[in-house]
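Here is how the chains run, residue by residue.
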Amino acid sequence: MTAGLDRAVEQLQERLGGAPAEIGVVLGSGLGGLVDELEHPASIAFGELPGWPLPGVLGHQGAFVSGRFAGRQVLVQCGRYHLYEGFSAAAVVRPVRLMARLGLRAILFTNAAGAINRRLEPGCLMLVSDQINLTARNGLVGPAEMGEVRFPDMSAPGDPGLAEAARRTAREHGIRLEEGIYAGVAGPSYETKAEIRMLERMGADAVGMSTVLEVIAARALGMRCLAISTITNLAAGLGSGRLSHREVLETGARARGALLPILAGVITAA
C-alpha cells in the first residue's frame, strides 16, 4: 500500500499545488456545502488517483478539495468509502493515511447519525466524546504502515483541545452542541428496534455507518482528531416514520449553518 499512497500523494500535490494543507476535514452525508466556503479551491476526484475508485453512495462526491477556510489552508475530503459498499477496512482508512503522508497533523471528521439518546433531535449536532467500533473490522490489520503505532491507545479518541474549541465556539454562537458516544456499525441496513435497544444498553447515544475506523487510523498516525455527528434522524423505534437516506441528506444539508461556525472555530484553534 505504501507505493500506491506515494503515487497518490505525488499526483495530488501536482494537481492541487499551492500551500500545503494544515488540517483535514472529512465531510459526511449531506454535508458537502463546506467546499462552497473555501477560498481559491482546487479539486481532484478520487477516480483520478491511481487505484482510487469513486464512492457509490448518494451524497458522497468522492473528491479532495484544497483551499483556505477560517484563515487556514485545509484539505477537504468530500465523501468517504464505506464497508457496506464492499470496500475493505484498509480502503476505508486510505484517505486518512494519505492526509498523514501529506503532512497534516490534525483531522476533523463529520458524519450523519441516528439518535439513540432521547435528548438528541434531528438537526442538532453531537460532539463525539467516545466511540464504539461494532463493525468487526479494523483498518490497521496487516503490516503496520509507515508512521503508524502498532497498538494505538484509544482511551481518548478525540483531542481535548479541539473539543474545547468546539464547545467554546458553540457557546459564542449560541449553537446547540450535545456530546455523546457514537457507535459505528457496518450497514447498509438501518438497525432494528432490538438492535437499538442493545446499543442503548451499551451506552451509545447515536449510531452511524462510518468514522470509527478512520479515527482509529488517525490515532495510530499520531494525528489530532475530532468527530462531530449531525443527528439526521431518530433511530428505529424512537420515531413514527420510516427511515430513509433521503431524510439523512436533507437534514444534513439543513444543519450546515450550525456546523460551519463550529468547524471554523476548531480549525482556527488547531
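Look up a bit, the structure's there.
Rules and cut-offs
Residues numbered from 1 in each chain as written. Predicted model: local features only at pLDDT ≥ 70, side-chain atom pairs only at ≥ 80, totals over all residues. Heavy atoms only, no water. Helix = DSSP H or I, 4+ residues; strand = E, 2+ residues; numbered from the N terminus. Buried < 20%, exposed > 50% of the residue type's maximum accessible area, 1.4 Å probe, protein only. Core = buried A, V, L, I, M, F, W, Y, C linked by side-chain atoms within 4.5 Å. Contact = heavy atoms within 4.5 Å. Axes fitted to C-alpha atoms, helices over the stretch in contact; angles between N-to-C directions. Parallel < 35°, antiparallel > 145°, perpendicular 65-115°, else oblique. Left-handed = near helix turned anticlockwise from the far one by under 90°. Nonpolar A, V, L, I, M, F, W, Y, C, P; charged D, E, K, R; others polar. Pairing = 2+ DSSP bridges. Right-handed = clockwise from strand over helix to strand, strands pointing away. Salt bridge = Lys/Arg side-chain N within 4 Å of Asp/Glu carboxyl O.

Colleague: For unusual backbone geometry, give the residues involved together with the corresponding values.
Modeller: Here the bond from Gly-187 into Pro-188 is cis, since omega is 5 degrees, no more than 30 degrees from zero. Tracing the backbone through its elements, the reader meets Pro-188 in the loop between β7 (177-184) and α5 (193-202). Unusually for a residue other than glycine, Ala-70 sits at a positive phi of about 55 degrees. Secondary-structure assignment places Ala-70 in the loop between β3 (63-69) and β4 (72-78). Overall, the relative accessible area of 31% leaves Ala-70 in the partly exposed class. Backbone geometry at Ala-136 places phi at a positive 60 degrees, although glycine is not the residue there.

Colleague: Report on the nonpolar core, specifying residues and quantitative values.
Modeller: Ranked by size, the top nonpolar core spans 49 residues in total, and within it Trp-52, Phe-64, Leu-98, Ile-107, Phe-109 and Met-223 carry the most contacts. Counting residues per element, the ones that place at least two in this core are α1 (2-16), α2 (89-92), α3 (94-101), β5 (106-115), β6 (125-133), α6 (212-220) and β9 (224-234). At 7 residues, α6 tops the list of elements feeding residues into this core. The residues touching Ile-107, leaving out its near neighbours within four places in the chain, are Ile-23, Gly-24, Val-26, Val-96, Met-99, Ala-218, Met-223, Arg-224, Cys-225 and Leu-226. The next biggest cluster of nonpolar side chains, apart from the first, holds 32 residues, and it includes Val-74, Ala-165, Ala-255 and Leu-259.

Colleague: Could you give me a rundown of the packing of helix α4 (residues 160-173) against helix α8 (residues 256-269), with the residues and numbers involved?
Modeller: Two elements in contact, α4 and α8, have axes separated by 8 Å at closest approach and are oriented at 135 degrees. Judged by the inter-axis angle, α4 sits oblique to α8. In this structure, α4 crosses over α8, and the sense of that crossing is right-handed. Residue-level contacts link Leu-162, Ala-165, Ala-166, Arg-168, Thr-169, Ala-170 and His-173 of α4 to Pro-261, Ile-262, Gly-265, Val-266 and Ala-269 of α8. Partitioning the contact of α4 with α8 into residue classes produces 8 nonpolar, 3 polar and 1 charged.

Colleague: Give a description of the pairing of β7 that names residues and reports values.
Modeller: Counting buried positions over the 8 residues of β7 gives 6, a clear majority of the element. Looking at chain direction, β6 and β7 are connected through 8 bridges and run parallel. Counterpart to Asp-130 in the pairing with β7 is Ile-181. A crossover connection joins β7 to the parallel strand β8 (residues 206-208) through α5; in handedness this β-α-β unit is right-handed.

Colleague: Quick one: what's the story with the pattern of salt bridges, residue by residue and with numbers?
Modeller: Across all of its chains, the model carries 14 salt bridges by this definition. A salt bridge links Arg-118 to Glu-200, with the nearest nitrogen and oxygen atoms 2.5 Å apart. Of this pair, Arg-118 sits in the loop between β5 and β6 while Glu-200 sits in helix α5, and the two are 82 residues apart along the sequence. Note that Glu-178 is salt-bridged to Arg-119, the shortest N-O span being 2.8 Å. On the criterion of sequence distance, the pair formed by Glu-178 in strand β7 and Arg-119 in the loop between β5 and β6 is long-range, its members being 59 residues apart. For Glu-178, a relative accessible area of 18% gives the class buried.

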